[in-house]
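Now for the letters of each chain:
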Amino acid sequence: MILDIRYLALRLGQAILVLLLAFTAAFILLSLIPGDGVTARFADPALGLSPDQIADIREATGADDSWASRYLLSLTGFLTGDFGYSVQTGAAVSTIIAAALPSTAVLAASGFVTAVVLAVIIAVLATSGPTAGPLSWIRRILDSVPSLFISIPVFWLGILLIQVFSFQLGFVSVVEPGPAEALVLPTLTVAVPLSAPIAQVLIRSITEVQASGFVKVTTAKGASQSWLLVHTVARNAVLPGLTIIGLVFGELVAGAVVTETVFGRNGIGLITAQAVTHRDNPILLAVVVIATFGYVIINLVVDLLYPVIDVRLRTKRSAASANKALRNHDEPTRRALTASAASVGVDLDWAQTPGDTTAKGSES
Amino acid sequence: MLGLGLGIGSIALFSACTPTDTSPLADGRPEQGGVLTYFEPQTWTLLYPPSVGFYPNGGIMNNISARLLWQDPKTLELHPWLAIELPETNADATSYTFTLRRGVTYSDGTPLTPENVAKNFDLFGKGDESRTLPVSEQISNYERSEVLDDRRVRFHFSAPSPGFAQATSTMNAGLLSDSTLDLDAEGFGPGGAKQIHTCGPFYITDETIGTKLSVRVREDYDWAPPHLKHQGRAHLDGIDYLTNNEYSVRIGAVLSGQADGVRDVQAPDESRVTEQGLRLYAKATNGINNSINFRFRHDLLADIDVRRALIAAIDRQEIVDKLFTPNYPLATGLLAKGAMGYKDQSGSWVYDPDEAGRLLDKAGWTERNSAGYRVKDGRPLALTVNIALPQPRSNEVQTLIQQQLRRVGVRLSINPGDQSKQTLDALELDTVQIYHSMVARADFDNLRSNYSSVNRDVFLNGPDRTDADDGSVDPKVDELLDALAAEPDAKKRQSAAEKVQDYLVDRAYVLPFFEEPQVFAFRRRVHGFATEPVGRPDFYGTWLAGEK
């Protein structure tokens with residue numbers, strides 16, 4: 001059996017605990033900020049309300065209830081899908097989120113896929129050039145592409161893309177674009193900085209695998225560079241890539257905040273930026289929980305994928321203990337794993353295990 | 001907002017190669033048809049009329065709503081609109097009787113009736129806290145409504161309310177259908193726009209939360225203010241209000257021809273925008289000028305010599321010359337020239353740093369600390385000013401003032417933070433002692449809205465405040481404003497308004513900078529653009545050349 005039920009239950013329990021902790025931490029932090037959204041909105045001198053009227057509104061909205069009762073109220077609200085009301089506009093948070101979520105999900109998915117494709121292309125190009133000789137500069141330049149990409153400010157990239165491709169060349173319109181048209185530039189904006197850490201990890205792990213013993217053996221047997229890349233190197237380099245993919249989700253959310261603001265896309269990022277400005281705590285609380293939920297789900301999926309991809313991690317014990325066994329050169333386990341690895345065609349290199357970093361990731 | 005602030009740089013980037021708008025400036029007969037696309041920097045938040053002072057809200061409400069009276073944006077005179085004549089008023093302005101036009105309908109098909117109008121003002125005049133719908137700032141002393149017959153409705157006030165007639169002409173008194181009046185704050189917010197039924201020339205047809213609101217023309221609209229030459233339906237088929245927080249994208253969309261117009265062109269970009277062939281409209285907001293208010297209840301500002309010294313140390317001309325354009329005229333009074341109640345006080349604020357130094361010495365601020373700031377009893381003369389985020393270049397204005405005050409040994413800190421933080425901090429005397437703001441309403445009552453301790457209270461002069469001792473209240477400010485508010489006679493209102501301004505200027509409570517405009521840019525195919533009296537767009541007479 002690939003997936004252990006007890007392991008799955010444990011991971012699910014952890015996920016729920018993380019969500020609860022994130023909700024609680026966000027609630028406490030938002031309560032600590034002096035001045036709440038109700039005051040921020042209704043005490044605005046532009047509304048000209050008297051202190052008595054503001055006090056009445058505070059009472060009507062429950063802003064003055066004890067923090068414990070507000071905590072319980074919003075927690076039970078969240079469990080039943082009721083996220084409360086935006087203090088800025090009075091609209092139901094669930095309505096606002098429901099309108100924003102699909103747009104962000106589409107942007108995140110397309111940005112993510114593009115980032116992975118971009119990262120793989122960069123990594124393959126950067127690791128397939130000659131390491132020495134007159135053309136080695138190509139490899140050095142490609143090697144530094146991730147550092148370049150990660151240092152590009154997202155908003156600058158977004159504005160630059162709009163200026164060039166929309167305003168100058170007229171390829172896409174920012175005013176009432178079609179669904180695909182609206183996605184092209186924001187996707188690129190999200191994908192470029194996101195591809196950097198993925199590409200960097202891929203480059204390093206491909207380089208490490210290329211330098212390892214079994215690759216040398218395979219090369220000696222006459223395998224070409226490209227055959228090697230597809231059949232041995234890629235398989236061994238994919239796990240660290242998967243780990244980093246789980247970790248960059250946070251950056252995806254951060255990138256969406258800026259990208260959606262620049263492109264005027266109504267998404268979670270845009271409403272977050274607006275909610276921060278207006279101290280709209282119910283919206284911020286919902287965003288924190290949704291972002292945590294996404295993070296937890298992605299990392300859960302990544303963790304559950306490890307044993308599917310790497311047979312060494314298929315054991316009734318946790319991934320960590322499996323890895324420990326590997327490190328200890330436990331002879332029977334090693335023999336068993338080598339046998340099963342051979343059956344699915346995975347090359348194992350005991351001296352240098354890309355899975356090491358992976359297994360550490362899965363412990364967290 | 002994120003305030004990505006790349007505006008100027010990125011405009012420079014593209015202005016060299018964006019094609020210039022070369023549409024001929026063909027005036028002549030208005031053409032019918034076409035949808036205008038128009039960019040706002042922020043999304044609308046609430047379409048409850050008393051809350052539409054916020055620019056994006058007002059830009060929508062002004063075009064979808066009709067009102068009892070119509071105020072001419074040039075003369076500021078009131079004319080009939082949904083009321084067939086100006087209201088009958090009693091001598092002390094505590095009762096107003098309106099006679100309604102027949103045949104007016106809301107966009108949900110219901111008719112405009114006296115009962116409906118009464119229901120509107122009962123809500124606007126009293127508010128409803130259970131629905132978090134606040135009372136209108138512009139309607140004071142509202143008591144009750146009374147339906148007289150099938151055409152007439154009367155409003156009663158507990159005390160004189162001479163500003164009421166004008167209040168009925170503003171977008172804050174845009175009339176709503178009965179079903180709309182039953183909505184709560186959620187219903188008036190994003191997600192519910194299509195439930196809002198009004199009786200103006202356009203009505204809301206579509207909404208994409210956060211990014212877009214569409215209004216379309218009402219073919220059956222036949223109740224324009226009789227004062228206007230243009231009657232019947234609007235020329236445009238509709239307006240798409242688009243939102244983008246990124247300044248360079250908004251401007252770029254208009255320059256590249258993807259959109260027709262944009263609000264909030266910043267002063268440094270005006271010349272570039274016109275060079276690209278766009279038309280620039282700077283519309284006066286006819287209100288209190290862009291000013292700083294000295295909160296005299298704080299002990300550092302209690303001494304009139306200190307306030308006079310600050311005024312003498314600030315070079316207003318430098319602010320206007322360095323940061324703005326001729327569309328931002330130097331203030332000659334507390335009110336803009338076009339505002340009701342305006343009084344010329346241009347000689348009152350003379351830049352004289354030497355005089356500032358003498359006054360500060362006189363007030364006892366003679367010593368200096370190691371940083372060069374004046375000290376008295378071991379305490380430095382250090383003040384904090386807010387950033388008025390809705391006001392143009394507020395941060396730059398304050399930075400310039402900071403430098404000017406430094407020269408005379410006064411330390412000015414600029415309160416950091418977003419809109420909410422500015423709002424909250426500005427309510428605390430200990431946090432913000434100098435308050436930067438402006439407010440626009442084309443009526444004498446504007447003074448009261450801004451300075452009275454029961455309205456915006458820019459001085460924090462409310463007697464029940466706990467952070468300043470009671471002896472620091474200046475009751476005279478409220479007395480003069482109450483006298484203005486209670487004066488039913490129009491001519492006497494002018495002199496009451498002048499008394500208020502004289503007092504505030506004599507006491508050195510306020511330093512006005514400039515008359516604040518709303519600056520729009522439109523492509524040249526857009527004709528007939530106008531604004532209502534405080535600078536919100538009025539698209540009723542707007543038309544697009546080349547649209548069939």
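Just above sits the structure.
Remember, predicted model here, so these are calculated numbers, not experimental data. (Residues numbered from 1 in each chain as written. Chains lettered and ligands numbered in written order. Predicted model: local features only at pLDDT ≥ 70, side-chain atom pairs only at ≥ 80, totals over all residues. Heavy atoms only, no water.)

Glancing now at the overall build of chain B. Counting secondary structure elements, chain B contains 15 helices and 25 strands. In terms of C-alpha radius of gyration, chain B reaches 24 Å, essentially the compact-globule figure of 24 Å for 548 residues. Along the longest, intermediate and shortest principal axes, the C-alpha atoms of chain B span 75 × 65 × 40 Å. Here chain B, with 548 residues, has 62% of them falling under the buried criterion. Intrachain contacts of chain B at a sequence separation of at least 6 include 70% that bridge at least 24 residues. Taken as a whole, chain B presents about 19300 Å² of accessible surface, with 48% of it coming from carbon and sulfur. Mean positive and mean negative side-chain charge positions of chain B (57 and 75 charges, respectively) differ by 3 Å. (Helix = DSSP H or I, 4+ residues; strand = E, 2+ residues; numbered from the N terminus. Rg over C-alpha atoms; globule rule 2.2 N^0.38 Å. Buried < 20%, exposed > 50% of the residue type's maximum accessible area, 1.4 Å probe, protein only. Contact = heavy atoms within 4.5 Å. Areas by Shrake-Rupley, 256 points an atom, 1.4 Å probe, with all protein chains shown as cover. Lys, Arg positive; Asp, Glu negative; His and termini not counted. Charge placed at Lys NZ, Arg CZ, Asp CG, Glu CD.)

Further remarks concern the overall build of chain A. Summing up its helical and strand segments, chain A has 17 helices and zero strands in all. Per-residue burial over chain A gives 49% buried out of 364 residues. When the accessible area of chain A is evaluated, it comes to approximately 17200 Å², of which 70% is carbon and sulfur surface.

Moving on, we come to the packing of aromatic side chains. Residues and elements named next belong to chain B. Enumeration according to the criterion identifies 39 aromatic pairs over all chains in this entry. Plain terms: the ring middles of Tyr328 and Phe514 are 5.6 Å apart, the flat faces sit at 75° to each other, and that makes the pair edge-to-face. Here Tyr328 is found in the loop between α9 (316-323) and α10 (353-362), whereas its partner Phe514 is found in strand β20 (residues 510-514), with 186 residues between them in sequence. Accessibility assignment for this pair places Tyr328 and Phe514 in one class, buried. An aromatic cluster of three or more residues is present, and its members are Tyr48, Tyr96, Phe98, Phe121, Phe124, Tyr142, Phe155, Phe157, Phe164 and Phe188. (Phe/Tyr/Trp six-rings, centres within 6.5 Å; stacked < 30°, edge-to-face > 60°.)

The subject of this paragraph is the pattern of salt bridges. Residue and element names in this part refer to chain B. If you walk through the whole model with that rule in mind, you get 27 salt bridges over all chains. Asp182 serves as the salt-bridge partner of Lys119, at 3.0 Å between the closest nitrogen and oxygen. Residue Lys119 is located in helix α3 (residues 114-126), and its partner Asp182 is located in the loop between α5 (178-181) and β8 (202-208); the two are separated by 63 residues in the primary sequence. In this structure Lys119 comes out as partly exposed when scored by relative accessible area, which is 29%. The closest approach of N and O atoms between Arg374 and Asp361, which form a salt bridge, is 2.8 Å. In this pair, Arg374 is assigned in strand β15 (residues 374-376) and Asp361 in helix α10, connecting sequence segments 13 residues apart. (Salt bridge = Lys/Arg side-chain N within 4 Å of Asp/Glu carboxyl O.)

Let's shift gears to the interface of chain A and chain B. Between chain A and chain B, the residue contacts involve 55 residues of the former and 52 residues of the latter. Carbon and sulfur atoms make up 64% of the surface buried where chain A meets chain B, a total of about 4400 Å² over both sides. When the buried surface of chain A facing chain B is broken down by residue, A:Pro45, A:Phe167 and A:Thr277 rank first, second and third, together holding 13% of it. Our count for the contact surface shared by chain A and chain B stands at one salt bridge. (Buried area = accessible area lost by both parts, 1.4 Å probe.)

Each regular strand shows side chains that alternate between the opposite faces of the sheet. Residue and element names in this part refer to chain B. In terms of residue burial, β20 counts as a mostly covered element, since five of its five residues are buried. As judged from the four bridges shared by strand β13 (residues 288-294) and β20, these two strands associate in the antiparallel manner. Across the sheet, residue Ser291 finds its bridge partner in β20, namely Pro512. (Pairing = 2+ DSSP bridges.)

Residue and element names in this part refer to chain B. The sheet built from three strands is open, its strands ordered β14-β15-β16 with antiparallel pairing. Edge positions in the sheet fall to β14 (367-368) and β16 (379-380), since each has one partner strand and no second. Across two bridges, β14 lies against β15 in antiparallel orientation. Each bridged residue has a counterpart across the sheet, and for Arg368 the counterpart in β15 is Arg374.

Right, let's talk about helix α10 (residues 213-220) of chain A for a bit. Residues separated by three or four positions in an α-helix point in the same direction, a consequence of the helix having 3.6 residues per turn. Residues and elements named next belong to chain A. Considered for burial, the residues of α10 that qualify are Phe214, Val215 and Thr218. Buried residues in α10, looked at end-on, bunch into an arc of 100°, giving them a common side. Along α10, exposed side chains directed more than 90 degrees from the buried face belong to Lys216 and Ala220. The inward-facing, buried residues of α10 contact α9 (181-210) and α11 (225-247). Count one or two residues on from α10 and you reach Gly222, which has phi positive near 105°. (Arc of directions from axis to C-beta.)

Attention now goes to the packing of helix α1 (residues 5-32) of chain A against helix α4 (residues 67-79) of chain A. Residues and elements named next belong to chain A. Between α1 and α4, whose axes approach to 11 Å, the crossing angle comes to 140°. When the axes of α1 and α4 are compared, the pair comes out oblique. With respect to the hand of their crossing, α1 and α4 are arranged in right-handed fashion. The residues of α4 that touch α1, namely those facing Leu20, Phe23, Thr24, Phe27 and Ser31, are Trp67, Arg70, Tyr71, Ser74, Leu75 and Phe78. Per-class residue counts for the contact of α1 with α4 are seven nonpolar, three polar and one charged. (Axes fitted to C-alpha atoms, helices over the stretch in contact; angles between N-to-C directions. Parallel < 35°, antiparallel > 145°, perpendicular 65-115°, else oblique. Left-handed = near helix turned anticlockwise from the far one by under 90°. Nonpolar A, V, L, I, M, F, W, Y, C, P; charged D, E, K, R; others polar.)

On the surface, A:Asp52, A:Asp56, A:Glu59, A:Asp65 and B:Asp464 cluster together into a negatively charged patch. Summarising the element assignment, A:Glu59 is placed in helix α3 (residues 51-61). A relative accessible area of 64% places A:Glu59 in the exposed class. (Patch = residues over 30% accessible without salt bridge, like charges linked within 9 Å, V, L, I, M, F, W, Y side chains within 5 Å.)

So, to be careful, I would describe these as geometric facts and stop short of saying anything about function.
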